[in-house]
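Examining the three-dimensional arrangement
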Amino acid sequence: QVQLRESGGGLVQAGGSLRLSCAASGSIFQIDTMGWYRQTPGKQRELVATITSAGIINYADSVKGRFTISREDAKSSVYLQMNSLKPEDTAVYSCNMKVKFISWSSFRDYWGQGTQVTVSS
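Notes on the structure follow. Predicted model, so just to flag it, every value in this text is computed and none were measured.

**A look at unusual backbone geometry**
At Ser 76, a position not held by glycine, the phi torsion is positive, near 50°. Counting through the fold element by element, Ser 76 comes out in the loop between strand E7 (67–72) and strand E8 (77–82). Despite not being glycine, Ser 84 has its phi angle at roughly 50°, a positive value. You can see Ser 84 is positioned in the loop between E8 and strand E9 (91–100). The partly exposed category is assigned to Ser 84, whose relative accessible area is 42%.

**Concerning the environment of Lys 64**
Mapped onto the elements, Lys 64 comes out in the loop between strand E6 (57–59) and E7. Sequence separation between Lys 64 and Ala 49 is 15 residues; the distance between their C-alpha atoms is 9.2 Å. Side chain to side chain, Lys 64 and Asp 61 meet in a polar contact 3.1 Å long.

**Here's the deal with the packing of aromatic side chains**
The tally for this structure, following the rule as stated, stands at three aromatic pairs. Between Trp 104 and Tyr 110 the ring centres are 6.2 Å apart and the planes differ by 15°, which places this aromatic pair in the stacked class. Residue Trp 104 is classed as buried on the basis of its relative accessible area of 12%. Judged by relative accessible area, which is 12%, Tyr 110 ranks as buried. Above the plane of the ring of Tyr 79 lies Arg 19, whose end atom (NZ or CZ) is 4.3 Å from the centre.

**With respect to the state of the cysteines**
Summed over all chains, the structure comprises one disulfide. Covalent S-S linkage joins Cys 22 and Cys 95, the inter-sulfur distance amounting to 1.9 Å. In this pair, Cys 22 sits in strand E3 (residues 18–25) while Cys 95 sits in strand E9, placing the two residues 73 residues apart along the sequence. Here Cys 22 and Cys 95 have matching classes, each one buried.

**Observations regarding the sheet that holds strand E1 (residues 3–7)**
Here four strands make up an open sheet; going across it, the order is E1-E3-E8-E7 and the pairing antiparallel. Every other strand in the sheet has two partners, leaving E1 and E7 as the edge strands with one partner each. Strand after strand, the sheet turns through a mean of 15° between neighbouring axes, direction not considered. Here six bridges tie E7 to E8, and the two strands are oriented antiparallel to one another. Its bridge partner lying in E8, Thr 68 is registered against Gln 81.

Calculation rules
- Residues numbered from 1 in each chain as written.
- Predicted model: local features only at pLDDT ≥ 70, side-chain atom pairs only at ≥ 80, totals over all residues.
- Heavy atoms only, no water.
- Helix = DSSP H or I, 4+ residues; strand = E, 2+ residues; numbered from the N terminus.
- Buried < 20%, exposed > 50% of the residue type's maximum accessible area, 1.4 Å probe, protein only.
- Polar contact = N/O pair within 3.5 Å; in protein donor to acceptor, adjacent residues only side chain to side chain.
- Phe/Tyr/Trp six-rings, centres within 6.5 Å; stacked < 30°, edge-to-face > 60°.
- Lys NZ or Arg CZ within 6 Å of the ring centre and 35° of its normal.
- Disulfide = S-S within 2.5 Å.
- Pairing = 2+ DSSP bridges.
- Axes fitted to C-alpha atoms, helices over the stretch in contact; angles between N-to-C directions.

Here it is, written out as structure tokens:
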């Protein structure tokens, strides 16, 4: 089975920075797309950034120029460097990976438990 665990969330003042990490455990054969999503109470979950196995990156317009997504395949990990944080960035951030074991016929989506990011004004 696959488990994803995020770390790096916390409380920061506006203009500050945080770096989120997510590592997958298990006998993973392949990981296609990795990504970060966020959700606030009463709102739909929002895509923040994704990165494919080929290195193609997609950012939400609201974070372009401030956030950077990267991956380290040897550690089955994805990272999100968040700079110039704003109060509106406050949310629970969750990582997502499309993964496959050698015995599986297709990729499956897995989610981490989420980490809280709070940006004070």
